[in-house]
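# Notes for the structure review
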Amino acid sequence: MSAGKRGDTLCFFINGKKVTEDHADPETMLLPFLREKLRLTGTKSGCGGGGCGACTVMVSRYQPATKTFTHFSANACLLPLCQLHGAAVTTVEGVGSTKTRIHPVQERIAKAHGSQCGFCTPGMVMSVYALLRNKPQPSMDDITQALAGNLCRCTGYRPIVDGCRTFCQEANCCQANGGANCCLNGNPDEPEDEKPRLFKEEDFLPLDPTQELIFPPELILMAETANPETLTFHGERVSWVSPTSLEELVQLKSKQPAAPLVMGNTNIGPDMKFKGVLHPLIISPSRVKELFEVSETPQGVWVGAGCSLSELRSLLEKLVPRFPEEKTELFRALNQQLGNLGNQQIRNVASLGGNIVSAYPNSDLNPVLAAGNCKVVVVSSGGRREVPLNQDFFIGFGKTVLKPEEIVVSVFIPFTRKGELVRAFRQAPRKEASFATVSTGMRVFFSEGSRVVQDVSLYYGGMGPTTVSAAKTCAAIVAKPWDDETLSKAYDILLDELVLPPSAPGGKVEFRRSLTLSLLFKFHLEVLQKLRETNVITDELPEKISPLPREIQPSLQEFQAVPKDQSAQDPVGRPVMHRSGVSHATGEAIYCDDIPKTDGELFLGLVTSSRAHAKITAVDVSRALQLPGVVDVVTAKDIPGKKFRPMFGYEEELMAETEVSCVGQIICAVVADSRAHAKRGAAAVKISYEDLPDPIFTVEDAIEKSSYYEPRRWIEQGNVTEAFEKVDQVYEGGMRMGGQEHFYMETQSMLVVPVGEEMEFNVYISTQWPTGIQEAVAETLGISSNRVTCHVKRVGGAFGGKVTKTGHLASITSVAALKTNRAVRCVLERGDDMLITGGRHPVLTKYKVGFMKDGRIVAVDIEFYANAGNTADESTLVAEKILLHMDNAYNIPNLRGHGAACRTNLPSNTAFRGFGVPQGLFLMENMVNDVAAVLGRPADEIREINMYKGPSVTHYKCEFSPDNLHRCWDECKLKCDYSSRRKAVDQFNQQSRWKKRGMSIIPIKYGIAFAEGFLNQAAALVHIYKDGSVLVTHGGTEMGQGIHTKMQQVASRELHIPTSKIYISETSTGTVPNTCPSAASYGTDANGMAVKNACEILYQRLEPMRKKDPKGCWESWVRAAFFEKISLSSTGYYRGPDLYMDWEKKEGRPYAYFTYGVSCSEVELDCLTGDYRTLRTDIMLDIGRSVNPSVDIGQIEGAFMQGLGLYTLEELKFSPSGLLYTRGPSQYKIPAVCDVPLQFNVYLLPDTDNPHAIYSSKGIGEPAVFLGSSVFFAIKDAVAAARSDSGLVGPFGLDSPATPERACLACSSTFTQKIATSEPGSFKPWALNL
Ligand SMILES: Cc1cc2nc3c(=O)[nH]c(=O)nc-3n(C[C@H](O)[C@H](O)[C@H](O)COP(=O)(O)OP(=O)(O)OC[C@H]3O[C@@H](n4cnc5c(N)ncnc54)[C@H](O)[C@@H]3O)c2cc1C
Ligand code: FES
Ligand code: FES
């Protein structure tokens, strides 16, 4: 249907205001409509595919039949605008605002320090707000479920959960120090400053549900009185029709069988968005009431196919208590799956019919529905028929037996019979909000009083292109007694029946095959249990496997109070809320892409290489240029200045001209009048290639071909070769550690605006290094730096990923702005961001360690190979930092390390929080673990034996005192009750075969500041205005780490005024020039000193005013100074330490000081599935005297969780031809709320000083990432316990991340042992092993 055709008027409400659209485009989702059309930019875009929750809104509808309202959270990125007719939408702006009143949810998340960069915060607010609208007094479980689909990359979730916990009325306390009567607060009469708290719950606004926006009466009237008519909407390429009756729907579908029925749009939406599928007609059956009917019969319940999964869940929850247990086996099994399927936002819109018909290979529901003998009723112009959901229903990937014109009207879910048991199991890469790796539905039927199987069905998801039945296995079980013998035969048959080729899509072949067995084993145990409970059998039962614990426990955050004599106004050392916390929570905080569109603005879409190593033979842009809205294509030929960015001796091409060296390399860019047009234009550019031979992907390939970036470094202390001759034992090992995607919630974003005269440009950008961007743009355009002003208001997370790569993107965007002489915006979609910008370096290590029987490590020779990718970026520096930190906390007298950055044909890796340290330390700690395993001694003993003691010298000859490291170690052990919990863990393991616990304690010594001495400098500019208000600018960028909050605290102390008089607007190269990147955990140290310096100067200048008028006030002194012609503006400067590293002499002083810390974690591991839960983590850190304990604890918790993700969860997968598969939150799992340690305690070491940094504080942005490895080593400890049950002792390999797949296979259970491994080289694996 053609564009411009007149359709109906779409009518709905947003935040109480009526919206009517005469030209609603079916391809438009609510999210861009809110952000671009209505300028409601509080709702954020983090992924566009329902996987991150940043776009969460609340949708309310009126049900005329019941005269009730429903309120549910939904992802605006997947909500078609046309689906909203008659709905009321609430966005974060409608919940509360600083201009009217902020809502208690906003207040509590902000004041509990639940926002850092703040990009996820509006989504968090909306998820909890929607929950509270339905349940004003939720349980903790409700809260964690509501937040399960909201990702946060900064906070580690603990403070968000604690803020929301204050809405719970659960009797078991613990308000985690938040409540006045909190069980953790000890004596309530104790003076406040002796037991400081992060926030005071008693100050919070109460929740008053009567204050909420009412449902618009006009919509009630519309729903009750309107004679529903077919609605049609026509867009540029797609039309939408929404019939009102089943009859009409059937007619439409018979005429247009290829048109999809869009319900939740959670399958069709991502297909259209990410796979470029175009449906010229969409049918929306959401107003056909037959699709929503529910009816009970004596045999079961019919559920309308249009019901959402949440509606199905609550229906089943209501039905279960109404019937005897034996009748509701299937209902309960379905409910269990529903609880874990997707996330709340998805379940609230995704329909039952949509889930069935989508026929996902790893659907959670289909195996259970099939095992449970469910059926569907379908209608078409040919009539009505019932179709059983069985092995014949699912015929291929996304395909069922249904004819294209058939519509599923309802689904029959039968009651179970006496003697019938149904169970559902799933195993997923992440416990929640993740598609299953393998899902199952299993049913068995016994006649009364018998253990002989009458009927059995086993269905699996994840074992092929669609849901599969294990029919042969069932045949082998039927008519047999349910016992070990029958089942052990069944395992072998199952193994033969559900085969996956070694290169099966999705990989994890051995794991998936072993899961089929172990999940059947779980079913076996549950059936035995049931037979025993019903007295059918009296056998001694094996261990019952209960689910892993999931209740979040109270946590502790301990920090030292400020000195008693500190002025009440002085905020330094106090847990001051992030200065933008409330703006984050109200959605008022402005990020780069929230800046309003300027007149004539264009959007940039990137064209990237689809080959890893090839010659470009042709670039054909003709088709792109003909597309609507496309204005131009920018190539390297358009660059007037430098076509390359220099990088540590190498040059990086901005846009490839003749050759590409990785998939994802930028070749050219399309500029168009909208995002959609730019994207379509980019897709239409045709690149022709001629492949070049032998691309290099792995480090092993690189070593073989000597493919390195120079310089390669090595360092040695003592004489390693000689020392090896004298040691008692030598062990040689190695390990592979995977990379990591930054996954900052705000993707790379920038707006380049030509000012219009003298080649002047304003660049609004999300970066950690404004000066770097300024220089990159100037060099690319061939202009001087004084024509480019770079503005950074705030950054929605960066973690090292917004330094060099952002400069590259800004350069290209500026070329487009120059060429078109128009403002150009570039905001990467999540998939492109992940594809193009690289991440943390994967590292392979090989080591040889020599040690004595008493546990002393005497000699170590270690080689580190980092996979740098197709350009050098900062990789050689990363390799250097690995070497400089490899000793960690240990004094190894003979230590030699080699570090190399390998050049490969993968996207170039870059800086990432910790800059190599999380890799170097980890691999060293793994070696220490191996020594402990060889000696058969606890790993913590080996760590203690080898720790630096007394005045010490590093392997690069730098003196330091490890005293505080020891204090952290001892205090952490004490706080976490290490010895008795260790015993309890061992005891648990003796009694438990299939679940094991593990515990580990890991130290860190982390060098702060830049080893490149010139980077240790900072400047600030402070203005005092005549009204007494103060504007501070400094070189640091605010990216969630709270630097602006801390700078305000510094200025407040130095100027002796409250922080409310101080404002920080942005970081700009126009105010503070020549800044260094906000990195290396050095931002506060450097900029704090510069701000302090500027404020001291100004305070000094006001001295005569104060003397003259001692009774005056700040404002009067400022005014007087102006009239006295005293400058009220000053720069400040800090010249940091002259750090250096001399690689020739192998000595230096590359760090200003060390931050020390220790972390202890305990996990419980399900050895049958590899699933684990972190039961408890205790972190003790020496960060000197914290400038802001809430900000610092936030950095610690957030970094720890990022480390937990790095070492146990996050896996980047590349195809054998070098294409990144994992390009969004659906495939790449960062930690979610379900991953937070159930008890998460953080203690700041009291009474420590640091003469090297401002107010005796210490840098803390990066160190705690490594502490996440304590979870890895706890998992490894649990795996070791499992292995010892199988008679396997001593060191064993477990690469990082310790995903469920790796942990399960490493346990080497009877099930995993059954799976034959395919000979490497005999097949092409689905993914590269990096
Ligand atoms: C982020 C995310 C996470 C997810 N996680 C999981 C998970 O963990 N487990 C899992 O099982 N699923 C998961 N899903 C898949 C989700 O459950 C399905 O996409 C959803 O159930 C499909 O329903 P829908 O109403 O959104 O379908 P739509 O996208 O609206 O439609 C999908 C297809 O079904 C057809 N269809 C819809 N209704 C009917 C009908 N009545 N008759 C005939 N055909 C019909 C349409 O024609 C279309 O082809 C996830 C999806 C997303 C986006
Ligand atoms: S942007 Fe919608 S869920 Fe991520
Ligand atoms: S605060 Fe959650 S992503 Fe930054």
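Taking an unreviewed UniProt entry as the reference, the chain is identified by name as Xanthine dehydrogenase/oxidase belonging to Stegastes partitus. On record in UniProt, under Subcellular location (unreviewed entry), the comment for the chain is "Peroxisome". Under the Subunit (unreviewed entry) heading, UniProt states for the chain: "Homodimer."

### Focus on unusual backbone geometry
The step from E710 to P711 runs through a cis peptide bond, and the omega angle for that step is 5 degrees. If you trace the backbone, P711 turns up in strand β29 (residues 708-717). A cis amide bond links S1296 with the next residue in sequence, P1297, at an omega value of 5 degrees. Take P1297: it is sitting in the loop between α37 (1269-1285) and α38 (1300-1307). Although it is not a glycine, S1081 sits at a positive phi angle of roughly 55 degrees.

### Things to note about the site of ligand 1
As a structural note, the neighbourhood of ligand 1 is formed by 31 residues, with M263, T266, S351, Y360 and D364 the closest of them. In this structure, an oxygen atom belonging to ligand 1 sits 2.7 Å away from a side-chain N or O atom of S351. Protein chains shield 94% of the accessible area of ligand 1, which is 980 Å² for the free molecule. Counting residues per element, the ones that place at least two in the shell around ligand 1 are α13 (352-358) and β15 (407-414). For the shell around ligand 1, the element with the highest residue contribution is α13, accounting for 5 residues. Along the lines of polarity and charge, the residues of the shell around ligand 1 split into 14 nonpolar, 14 polar and 3 charged.

### A look at the UniProt feature "binding site: Mo-molybdopterin" (unreviewed entry) in the chain
Residues annotated by UniProt as "binding site: Mo-molybdopterin" (unreviewed entry) correspond here to Q768, F799, R913 and A1080. Annotated residues spanning 313 residues; largest pairwise C-alpha distance 12.1 Å, indicating a single compact cluster. Here Q768 is to be found in the loop between β32 (761-765) and α23 (770-781). Judged by relative accessible area, which is 2%, Q768 ranks as buried. Setting aside its immediate chain neighbours within four residues, Q768 contacts A798, F799, G800, G801, K802, V803, T1037, M1039, P1077 and S1078. Side-chain polar atoms of Q768 contact the backbone nitrogen of G800, separated by 3.1 Å. By the element assignment, R913 lies in the loop between β37 (894-903) and α27 (917-935). Excluding its chain neighbours within four sequence positions, the residues that come into contact with R913 are F799, R840, P918, Q1195, G1198, A1199, Q1202, G1261, E1262 and V1265.

### Remarks on the sheet that holds strand β30 (residues 729-737)
Ordered in space as β29-β37-β36-β35-β30, the 5 strands form an open sheet in which the pairing is mixed. For this open sheet the edge positions go to β29 and β30, each flanked by a neighbour on one side alone. Taking each pair of neighbouring strands and ignoring which way they run, the sheet shows an average axis angle of 10 degrees. Where β29 and β37 come together, 7 bridges link them in antiparallel fashion. Residue pairing across strands places E716 opposite R896, the latter belonging to β37.

### Let's talk about the pairing of β37
With respect to burial, β37 is a largely interior element, 8 of its 10 residues being buried. Relative to β37, strand β36 (residues 857-869) runs parallel, the two being bridged by 10 bridges. Bridge pairing links A866 to A901 in β37. Read as a crossover between parallel neighbours, the route from β36 over helix α26 (residues 875-885) to β37 is right-handed.

### Quick word on the environment of T804
Within the secondary structure layout, T804 lies in helix α24 (residues 804-820). Among the polar contacts made by the side chain of T804, one reaches the side chain of D873 at a distance of 2.6 Å.

### Digging into helix α16 (residues 484-497)
The end-to-end C-alpha distance of α16, which contains 14 residues, comes to 19 Å, matching closely the 20 Å that a straight helix rising 1.5 Å per residue would cover. Listed as buried for α16 are T486, L487, A490, Y491, L494, L495 and E497. Contacts made by the buried residues of α16 are with β18 (453-461), β19 (468-469), α15 (471-477), α17 (509-533) and α39 (1310-1313).

### Focus on the pattern of salt bridges
Under the definition given, this model contains 82 salt bridges. The residue D930 makes a salt bridge to K1276 at a minimum N-O spacing of 3.9 Å. Separated by 346 residues along the polypeptide, D930 in helix α27 and K1276 in helix α37 bring together distant segments of the chain. The exposure classification of D930 matches that of K1276, with both residues buried. For E1162, the salt bridge goes to R981, with nearest N and O atoms at 2.9 Å. Here the residue E1162 occupies a position in strand β48 (residues 1153-1166), and R981 occupies one in helix α30 (residues 978-991), the gap between them amounting to 181 residues. Summarising the burial analysis for this pair, E1162 and R981 share the class buried. Linked through salt bridges whose partners overlap, the residues forming this network are R35, E36, K44, D593, D594, E601, R675 and R825.

### Remarks on the UniProt feature "binding site: [2Fe-2S] cluster 1" (unreviewed entry) in the chain
Feature annotation in UniProt assigns "binding site: [2Fe-2S] cluster 1" (unreviewed entry) to the following positions: C47, C52, C55 and C77. These annotated residues cover 31 residues of sequence, and their C-alpha atoms all fall within 10.2 Å of one another, placing them together at a single site. Summarising the element assignment, C47 is placed in the loop between α1 (30-37) and β3 (56-63). Those residues in contact with C47 that lie beyond four places of it in its chain are C52, F274, R830 and P1225. Structurally, the position occupied by C77 is in the loop between β4 (68-75) and β5 (88-90).

### Describing the packing of aromatic side chains
Within the structure shown, the criterion is met by 32 aromatic pairs. Where F960 meets F1154, the ring centres are 5.2 Å apart and the plane angle is 70 degrees; that geometry is what we call edge-to-face. Taken together, the residues span a long stretch of sequence, with F960 in strand β39 (residues 959-960) and F1154 in strand β48 at a distance of 194 residues. A relative accessible area of 10% places F960 in the buried class. An aromatic cluster is defined as three or more aromatic residues linked by ring pairs; in this entry it consists of Y948, Y956, F960, Y1151, F1154 and Y1156. The ring of F412 carries the charged tip of K375 above its face, separated from the ring centre by 5.1 Å. Above the plane of the ring of F724 lies K848, whose end atom (NZ or CZ) is 4.4 Å from the centre.

### With respect to the state of the cysteines
Applying the stated criterion to the full structure yields 0 disulfides. The thiol of C826 is unpaired, and the distance to the nearest cysteine sulfur, on C592, comes to 9.5 Å. Classification of C826 as buried rests on a relative accessible area of 0%.

### Details of the nonpolar core
L604, L606, I857, V860, F922 and V1030 are the most contacted members of the largest nonpolar core, which has 246 residues in total. Setting aside residues up to four positions removed in sequence, V1030 forms contacts with V1022, H1023, I1024, L1055, I1057, K1061, I1062, Y1063 and W1114. Residues L309, F323, V349 and A359 belong to the second largest nonpolar core, which totals 71 residues.

Procedures and definitions
- Residues numbered from 1 in each chain as written.
- Chains lettered and ligands numbered in written order.
- Predicted model: local features only at pLDDT ≥ 70, side-chain atom pairs only at ≥ 80, totals over all residues.
- Heavy atoms only, no water.
- UniProt positions renumbered as here; feature names shortened; annotations may be inferred.
- Helix = DSSP H or I, 4+ residues; strand = E, 2+ residues; numbered from the N terminus.
- Near = heavy atom within 4 Å.
- Polar contact = N/O pair within 3.5 Å; in protein donor to acceptor, adjacent residues only side chain to side chain.
- Areas by Shrake-Rupley, 256 points an atom, 1.4 Å probe, with all protein chains shown as cover.
- Nonpolar A, V, L, I, M, F, W, Y, C, P; charged D, E, K, R; others polar.
- Buried < 20%, exposed > 50% of the residue type's maximum accessible area, 1.4 Å probe, protein only.
- Contact = heavy atoms within 4.5 Å.
- Pairing = 2+ DSSP bridges.
- Axes fitted to C-alpha atoms, helices over the stretch in contact; angles between N-to-C directions.
- Right-handed = clockwise from strand over helix to strand, strands pointing away.
- Expected span 1.5 Å × (residues − 1).
- Salt bridge = Lys/Arg side-chain N within 4 Å of Asp/Glu carboxyl O.
- Phe/Tyr/Trp six-rings, centres within 6.5 Å; stacked < 30°, edge-to-face > 60°.
- Lys NZ or Arg CZ within 6 Å of the ring centre and 35° of its normal.
- Disulfide = S-S within 2.5 Å.
- Core = buried A, V, L, I, M, F, W, Y, C linked by side-chain atoms within 4.5 Å.

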